[in-house]
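Spelled out, the chains give:
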Amino acid sequence: MAAETLMADRRQLAAAGSPVLQVQAVHKRFAAAGGEVEALRAVDLAVARGEFVCLIGASGCGKSTLLRLIGGFETPSEGQVLMDGRPVTGPGPERGMVFQDYGLFPWLSVRRNIEFGLVARGRPRAEVRTTAERFIEIIGLARFADAYPHQLSGGMKQRVAIARVLANDAAVVLMDEPFGALDAMTRERLQDELLSLWSSTGLTVLFVTHAIEEAILLADRIVVMSPGPGRITAEVPVRLARPRDVVSVPFNDLRRDLAALLHGPAP
């Protein structure tokens, strides 16, 4: 109950201030043979500090493109992306990206992968070491601190990827189907670990998933996207108490509502 109250208080405080992220009238077009492909059209989105937002939609609806625009890996064809009121002009440590394929450096150990961003930013060696050790403990991989990515399971690799982002002082974590390639048990465990980190650190999370159930389990708000070109068609608040019961009637009522938004009403 205390944790739920803390999260509710944090969301109320965040809602009272300016959004940490703003996507304003964003269009994105890519050059293609014979012309252009319009990936996103007129996308507007605001995310409060400390909010957990999930993006859902069919393949090709622009979810990953939107995430890459917010991360600064792509630039809008029109419109703008703001963080704390300032235009996003490229990648930055305050916006950490976690991919489905982990993105770890195979030649670096767990410890060195987590330290990488801090070293690149010229942080003092003592700070780098202390920060890395703290996150190694948080993700429960102290026994594997000197192991290399090829020696880890998929779940371990994803924990390292998340820790690397957090160790680099990210205030916003952008997650592109990070658990999509994992088995069901590992996925459930990492969902729990992510929620624990989110609730204890005040992170803002923008999480792309194809899975409606995963979105309901994790999110404060679910943003539904449709393709042709990609656009936001609905924003659905999730008002279920945490931890959420996937077999409860309210959970499954919401799942049916979201499925109808994505695929049309069931026959």
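Not measured: the values here are computed from a predicted model. (Residues numbered from 1 in each chain as written. Predicted model: local features only at pLDDT ≥ 70, side-chain atom pairs only at ≥ 80, totals over all residues. Heavy atoms only, no water.)

### A look at helix 5 (residues 154-167)
Part 1 of the argument: With 14 residues, helix 5 ought to run about 20 Å at 1.5 Å a step, and its terminal C-alpha atoms sit 20 Å apart, in line with that.
Part 2 of the argument: Most of helix 5 is tucked away: 12 of the 14 residues are buried.
Part 3 of the argument: Among all positions of helix 5, only Gly 155, Met 156, Gln 158, Arg 159, Val 160, Ala 161, Ile 162, Ala 163, Arg 164, Val 165, Leu 166 and Ala 167 are buried.
Part 4 of the argument: Considering only its buried residues, helix 5 is in contact with strand 6 (95-99), helix 3 (110-120), helix 4 (125-138), strand 7 (172-176) and helix 6 (184-201). (Helix = DSSP H or I, 4+ residues; strand = E, 2+ residues; numbered from the N terminus. Expected span 1.5 Å × (residues − 1). Buried < 20%, exposed > 50% of the residue type's maximum accessible area, 1.4 Å probe, protein only. Contact = heavy atoms within 4.5 Å.)

### Focus on the pattern of salt bridges
Part 1 of the argument: Per the stated rule, a full pass over the model turns up 18 salt bridges.
Part 2 of the argument: In this structure, the salt-bridge partner of Glu 51 is Arg 221, at a minimum N-O distance of 2.9 Å. Of this pair, Glu 51 sits in the loop between strand 2 (35-47) and strand 3 (52-57) while Arg 221 sits in strand 9 (residues 221-226), placing them 170 residues apart in sequence. Of the two residues, Glu 51 and Arg 221, neither departs from the other in class, the shared state being buried.
Part 3 of the argument: Ionic pairing is found between Glu 235 and Arg 221, a salt bridge with its closest N-O pair at 2.5 Å. One end of the pair, Glu 235, is in strand 10 (residues 231-237); the other, Arg 221, is in strand 9, with 14 residues separating them in the sequence.
Part 4 of the argument: In this structure Glu 235 comes out as partly exposed when scored by relative accessible area, which is 39%.
Part 5 of the argument: Here the salt bridges do not stand alone but share partners, grouping Lys 28, Arg 68 and Glu 74 into one network. (Salt bridge = Lys/Arg side-chain N within 4 Å of Asp/Glu carboxyl O.)

### Description of the sheet that holds strand 8 (residues 204-208)
Part 1 of the argument: Spatial ordering of the open sheet is given by 6-7-8-3-9-10, a layout of 6 strands whose pairing is mixed. Two strands bound the open sheet, and with one partner strand each, they are strand 6 and strand 10. Strand-to-strand twist in this sheet, taken as the mean axis angle between neighbours without regard to direction, amounts to 20°.
Part 2 of the argument: As judged from the 4 bridges shared by strand 3 and strand 8, these two strands associate in the parallel manner. (Pairing = 2+ DSSP bridges. Axes fitted to C-alpha atoms, helices over the stretch in contact; angles between N-to-C directions.)

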